[in-house]
Amino acid sequence: IIDTYINNTYDNLIIYESEYKNNEYKETHGDSLISFLNSLEYNNEIYYYEAVNEDGKIKSENIIAGLEWMKKNNVPRVNISLSSKYKTDELETWIKENNDMTVYCSYNNKLNSLADYPAMYSGVIASGSDNKIKYKDIDMHYDSNKIILINKNGLKFFEGNSFLSLYTMLDKENNK
C-alpha cells in the first residue's frame, strides 16, 4: 500500500516510514486501510510506504519512490489509494515501464473533475462506484462503495472507493 502516514502499529506490517512526524494521534486513511485488511482476516505481510514528505504533503516523486521501494522488495501488486486531478508524466511513465508490477488504484469517492489520477493511467486497475466515471476495460465498477464485513470480531462497516481498490486487488490475487 502506498498512502499517507499511519499512527497505529500492526503485527503484519513492513513499513517504510516517511520523514513526516505527526505529533497528534488520529486514525489516518492509512490506518483505515490496514484495519480493512485486518477485518478481512488477511494474514500475509503488508508492505506499506508512507508517501508523505517532511511537510506532510504527497507528491508524485514520493509515490514513485514508494513504487521503487516496493519493486526492491519484490512486491508484485501495489495499491495506491490516493487521488489527484493532476496528471504526472513521470508517474505515468514509471507505471508503463514497470508492467511486471500490477498497480491498483481507487477513483475519487466524489466525482469532482474529468481527471482522476493515477486511476486513469493506462495499465492501472482502478475501482469505483460512480456511474459518471468512464471506466477503462480493466477497471472494476461496483454498485456501491459501502462494505459490510462480518468476522470473528463482529460487524464492521467501511465506506469508500479505497476499500474497493484493496478488495479488487485481493480478489484478483485469489482468482489468478
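The structure presented is a predicted model; accordingly, all values stated were derived computationally and were not measured. (Residues numbered from 1 in each chain as written. Predicted model: local features only at pLDDT ≥ 70, side-chain atom pairs only at ≥ 80, totals over all residues. Heavy atoms only, no water.)

Looking now at the overall build of the chain. A count of helices and strands for the chain gives 4 helices and 9 strands. Counting from the amino terminus, the chain carries its helices and strands in the arrangement β-β-α-β-α-β-α-β-β-β-β-β-α. For the chain, the C-alpha radius of gyration of 15 Å lies close to 16 Å, the compact-globule estimate for 176 residues. A burial count over the chain gives 49% of its 176 residues as buried. Contacts in the chain between residues at least 24 apart in sequence constitute 62% of all its contacts with a sequence separation of at least 6. A gap of 4 Å separates the mean positions of the 19 positive and 27 negative side-chain charges of the chain. (Helix = DSSP H or I, 4+ residues; strand = E, 2+ residues; numbered from the N terminus. Rg over C-alpha atoms; globule rule 2.2 N^0.38 Å. Buried < 20%, exposed > 50% of the residue type's maximum accessible area, 1.4 Å probe, protein only. Contact = heavy atoms within 4.5 Å. Lys, Arg positive; Asp, Glu negative; His and termini not counted. Charge placed at Lys NZ, Arg CZ, Asp CG, Glu CD.)

Okay, the packing of helix H2 (residues 60–72) against helix H3 (residues 89–97) next. A pair of packed helices is characterised by two quantities: the angle between their axes and the separation of those axes. The contact between H2 and H3 brings their axes to 10 Å, and the two run at 20°. Relative to H3, H2 is oriented roughly parallel. In the crossing of H2 with H3, the sense of the turn from one axis to the other is left-handed. The segment H2 lies against H3, with Ile63, Ile64, Leu67, Glu68 and Lys71 engaging Glu90, Leu91, Trp94 and Ile95. (Axes fitted to C-alpha atoms, helices over the stretch in contact; angles between N-to-C directions. Parallel < 35°, antiparallel > 145°, perpendicular 65-115°, else oblique. Left-handed = near helix turned anticlockwise from the far one by under 90°.)

Most peptide bonds take the trans form, and the phi angle of most residues other than glycine is negative. In this model, tyrosine 117 is joined to proline 118 through a cis peptide bond whose omega is 5°. Within the secondary structure, proline 118 sits in the loop between strand E5 (102–106) and strand E6 (125–128). Even without being glycine, glutamate 41 reaches a positive phi, approximately 60°. Along the chain, the position of glutamate 41 falls in the loop between helix H1 (29–39) and strand E3 (46–50). The partly exposed category is assigned to glutamate 41, whose relative accessible area is 36%.

Once that is clear, we can look at the packing of aromatic side chains. Any pair of aromatic rings gets described here by the distance separating the centres and the angle formed by the planes. Evaluated as defined, the whole model comprises 10 aromatic pairs. Ring geometry for tyrosine 107 and tyrosine 135: centres 5.4 Å apart, planes at 85°, overall edge-to-face. Of the two residues, tyrosine 107 is situated in the loop between E5 and E6 and tyrosine 135 in the loop between E6 and strand E7 (140–141); the sequence distance between them amounts to 28 residues. Residue tyrosine 107 is classed as buried on the basis of its relative accessible area of 3%. Of the aromatic side chains, those joined through ring pairs into one cluster are Tyr16, Tyr47, Tyr49 and Trp69. (Phe/Tyr/Trp six-rings, centres within 6.5 Å; stacked < 30°, edge-to-face > 60°.)

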